[in-house]
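# Inside the fold
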Amino acid sequence: MFSFYFIFYLLTLVISLVTFKKFVDTPLRFFPLLVAYTLFNEVLGYFIINYEEFSFFDEPEYQWHNVIIYNLYQLVFFGYVFWLYHKVVKIKTYRLTILIGAVVTALSYLVSLFFQDPLHSGLFYADCIGCLAVIIAIFLHFKELSKTNGGINRYNLMVWINWGMLLFHCYFPYYILNGYLNVEFYLEYHLRQVLWVVVSVMYCFFIIGFLISKRRAFH
């Protein structure tokens, strides 16, 4: 599993840096940092599970628990993604909708702290709300692009980011809710393995975008 994720994260990071000049003056200039943080997070999560000296907890039953780093990651990830779409979308009503989605997501995480322990459990209800808000932001961006002269241009890097993000955020709520609330179904239908495929395709979308995109098509 580790090597599987490592290859796609590392490849995407390298290609994003090689092609950085294409989007250095856009809100996507921070995207390589997000990919690097994702890679670091996965490496840290792997070591926490497999090596007790990396554990955050002294209790043997909790030594493999690494969910806190993913809860923190979700906050950083959603914070950047909402900022990104708020920057690239120009229609005021769409920008307001994205802002409302960001606020609702933040509040959902705050409320979750009263009912779930972020040290030992994923804040999965808040994660799902965040995913829904991101999906809405993506559709608003696509809708805005469809109204422009350039339309949904395959040379626009944001179009490839949109498709990758949309695929992941449509599947992730289904994955995480079953993982916590319907474990037998989760295991029977190998939803973890399906997630690997979804993540792989998402990063392939990103890689294609970095490779074929043109700066003049970005909007």
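About the cut-offs
Residues numbered from 1 in each chain as written. Predicted model: local features only at pLDDT ≥ 70, side-chain atom pairs only at ≥ 80, totals over all residues. Heavy atoms only, no water. Helix = DSSP H or I, 4+ residues; strand = E, 2+ residues; numbered from the N terminus. Rg over C-alpha atoms; globule rule 2.2 N^0.38 Å. Buried < 20%, exposed > 50% of the residue type's maximum accessible area, 1.4 Å probe, protein only. Contact = heavy atoms within 4.5 Å. Areas by Shrake-Rupley, 256 points an atom, 1.4 Å probe, with all protein chains shown as cover. Axes fitted to C-alpha atoms, helices over the stretch in contact; angles between N-to-C directions. Parallel < 35°, antiparallel > 145°, perpendicular 65-115°, else oblique. Nonpolar A, V, L, I, M, F, W, Y, C, P; charged D, E, K, R; others polar. Salt bridge = Lys/Arg side-chain N within 4 Å of Asp/Glu carboxyl O.

Before going further, it helps to examine the overall build of the protein chain. What the protein chain contains, in helices and strands, is eight helices and zero strands. Helices (α) and strands (β) of the protein chain occur, in sequence order from the N terminus, as α-α-α-α-α-α-α-α. For a compact globule of 219 residues, the expected C-alpha radius of gyration is about 17 Å, and the protein chain comes in at 18 Å, within 12% of that figure. Projecting the C-alpha coordinates of the protein chain onto the three principal axes gives extents of approximately 60 × 35 × 30 Å. Split into buried and exposed, the 219 residues of the protein chain put 47% on the buried side. A separation threshold of at least 6 residues defines the contact pool for the protein chain, and within that pool the share at least 24 residues apart is 72%. As displayed, the protein chain has an accessible area near 11,600 Å², and 70% of this comes from carbon and sulfur atoms.

One way to put it is that helix H3 (residues 67-88) packs onto helix H4 (residues 92-112) with a least axis distance of 9 Å and a crossing angle of 170 degrees. Viewed along their axes, H3 and H4 adopt a mutual orientation that is roughly antiparallel. Touching Gln 74, Leu 75, Phe 78, Phe 82, Tyr 85, His 86 and Lys 87 of H3 are Arg 95, Ile 98, Leu 99, Gly 101, Ala 102, Thr 105 and Tyr 109, all from H4. The class makeup of the residues in the contact of H3 with H4 is eight nonpolar, four polar and two charged.

The next thing to look at is the pattern of salt bridges. Tallied over the full model, the rule gives one salt bridge. Here Arg 215 and Asp 25 are joined by a salt bridge, their closest N and O atoms 2.8 Å apart. Residue Arg 215 is located in the segment after helix H8 (191-212), and its partner Asp 25 is located in the loop between helix H1 (2-18) and helix H2 (31-50); the two are separated by 190 residues in the primary sequence. Overall, the relative accessible area of 33% leaves Arg 215 in the partly exposed class.

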